[in-house]
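One-letter residues, chain by chain:
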Amino acid sequence: MRIVLISTPIGFLGSGKGGGVELTLNSLVSGLLFLGHSVDVIAPKNSKLYESNEKAKLHFVDGEDQISWQHQNYNSPVSIPDNSLLAGMLEKGLDIAKKADVLLNMSYDWLPIWMTLNVEIPIAHIISMGSESSVISNLITKVYAKHPYNFAFHSKIQADDYPFIKKPIIIGNGFKLDNYTFQDSVKGPLAWVGRVAPEKGLEDAVYVANKLGEKLKVWGVKEDETYASEIEQSFPQGTIDWMGFLSTNELQKELGKCRVLLNTPKWNEAYGNVVVEALACGVPVIAYRRGGPSEIIQHGKTGYLATPDDKRNMLSYVEIIEKIKRKNCREWVEKNASTDKFANKVVNWLNKVINEY
Ligand code: UDP
C-alpha cells in the first residue's frame, strides 16, 4: 500500500507538544515500512522522524498550530487560524494521496473529518482522544453513518466515549522494542512522565511522593506553566525533581532506573503511551483504573490499578510495588504492543476502509 500520514497540527514531531501522537506516528511508520508499505508523512516544519524511518518521505508544512481541544470548553466552536497548519497539511496530503491508496489522519480535529464527506480519496482517522468536543463527536456521528470503517481507536474504553459506534475498531498502539532497555532497578526513585497539564493529574503523584518523604522525578513538556507552578508551590520545596523533556532514548535510560511509574489521568486517557514505555523498561506502573491504562496494566502482575482519584489507595500500592516482577512488565509489551503487531492491525483496518470505497 501507499499510505499518506497526516501528523498532529500541534507542535512539530520531536517537540513533545503533540503528546503521544508523535511517538505513535513514528512507531506506525516503522511498522509499515517493515511490512513493505510505502509511507509519506505530512508534518509541521522542523519535524523529525526516527533515523530508522529514513525510507519514509517527509513533507513539511509551515503554519499556525491548532488549539488543543482538551483545553477548550466541550461546546467550543471550531477555530481555524489564518495560515492554518492543519489546512496546509490537509491540502498537501490530499494532493499526494491522489497517487496513494489512503490518507491516514492522526490529528484530532474537525477539518480532516469533515473532508472525509467531501473527497473521493479514502480518509481514515486514528482518533487519539476520548470525546473532548461536541462539534467533533457530532461530526464523527455523521461521517460514521456514511463510512462506518473510517475510524479506529486505541482502546475499548476510549471508544466508549463514542457510544454511537457499535463495533469500534481497536488498534492499540505500538512501541519499537529495541528503543527500550530492560533494567532491574528495584530500589530506584518514583517516576511520573507526561505533558504537564491538568488532565494528567500530576498533583496526585506529588502527594504520594510527599507522603513517602521522597522526591518525584517528572519528565515532560510543561504545557501549562501556571498549573506546574501551582503544584510546585503547594508541596514542600524540592518534592518535584523537574527532569525536562527528553528524547525517547534518553528518557528510557532514566525511566528504567525508577522503581515505579505513577500515572494519574483525570480524563479518559485514550491509551497512555508512557505506561507502556515504562513497562518496556521493566518499570511497573500504578495508575488510576480509568482510560487506556486500565486495559494495559494487569493488576498485581505488571503494576496496580488504584481507585480513580484515591491518592491514598495509590500510595498503598507503592508500598508493595516490589511484589511485581519487572520481567512480567517487559514481557507484556513484547507480546502485546510491538510495532509490527500494531502495524498489522492498522493495515487490516486500512484494507477494510479501502475495500469499502
Ligand atoms: N515524552 C517524551 N519525553 C519526555 C516525556 C514524554 O518523549 O521527556 C513522550 C512519551 O514518549 C509519550 C508522550 O510524551 O509518547 C506522552 O504520551 P501519552 O500517550 O502518555 O499522553 P498524551 O500526551 O498523548 O496525552
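Refer to the structure presented above.
Residues numbered from 1 in each chain as written. Predicted model: local features only at pLDDT ≥ 70, side-chain atom pairs only at ≥ 80, totals over all residues. Heavy atoms only, no water.

## Topic: the site of the ligand
Phase 1 of the analysis: Neighbouring the ligand are 18 residues, the closest being Gly20, Arg195, Lys200, Leu246 and Glu277.
Phase 2 of the analysis: Leu246 is positioned with one of its backbone polar atoms (N or O) 2.7 Å from a nitrogen atom of the ligand.
Phase 3 of the analysis: In this structure, Val274 approaches the ligand through a main-chain N or O atom, which is 3.3 Å from an oxygen atom.
Phase 4 of the analysis: For the shell around the ligand, the elements supplying multiple residues, two or more each, are helix H1 (20-34) and helix H9 (273-280).
Phase 5 of the analysis: For the shell around the ligand, the leading source of residues is H9, giving 3 residues.
Phase 6 of the analysis: Residue composition of the shell around the ligand, by class: 8 nonpolar, 6 polar and 4 charged. (Near = heavy atom within 4 Å. Polar contact = N/O pair within 3.5 Å; in protein donor to acceptor, adjacent residues only side chain to side chain. Helix = DSSP H or I, 4+ residues; strand = E, 2+ residues; numbered from the N terminus. Nonpolar A, V, L, I, M, F, W, Y, C, P; charged D, E, K, R; others polar.)

## Comments concerning the side chain of Ser155
Phase 1 of the analysis: Within the fold, Ser155 resides in the loop between strand S6 (151-153) and helix H5 (156-159).
Phase 2 of the analysis: Judged by relative accessible area, which is 2%, Ser155 ranks as buried.
Phase 3 of the analysis: Among the polar contacts listed, one links the side chain of Ser155 to the backbone oxygen of Ala270, at a separation of 2.7 Å.
Phase 4 of the analysis: Filtering out sequence-adjacent residues up to four positions away, Ser155 remains in contact with Ile170, Ala270, Gly292 and Glu295. (Buried < 20%, exposed > 50% of the residue type's maximum accessible area, 1.4 Å probe, protein only. Contact = heavy atoms within 4.5 Å.)

## Thoughts on the pattern of salt bridges
Phase 1 of the analysis: According to the stated counting rule, one finds 16 salt bridges in the structure shown.
Phase 2 of the analysis: Among the salt bridges present, the one from Lys98 reaches Asp95, with a minimum N-O distance of 3.0 Å.
Phase 3 of the analysis: The exposure class assigned to Lys98 is exposed, which follows from its relative accessible area of 63%.
Phase 4 of the analysis: The partner of Asp204 in a salt bridge is Lys266, and the shortest N-O contact between them spans 2.7 Å. In this pair, Asp204 sits in helix H6 (residues 202-212) while Lys266 sits in the loop between strand S11 (260-263) and H9, placing the two residues 62 residues apart along the sequence.
Phase 5 of the analysis: Of the residues examined, Asp204 reaches a relative accessible area of 5% and is grouped as buried. (Salt bridge = Lys/Arg side-chain N within 4 Å of Asp/Glu carboxyl O.)

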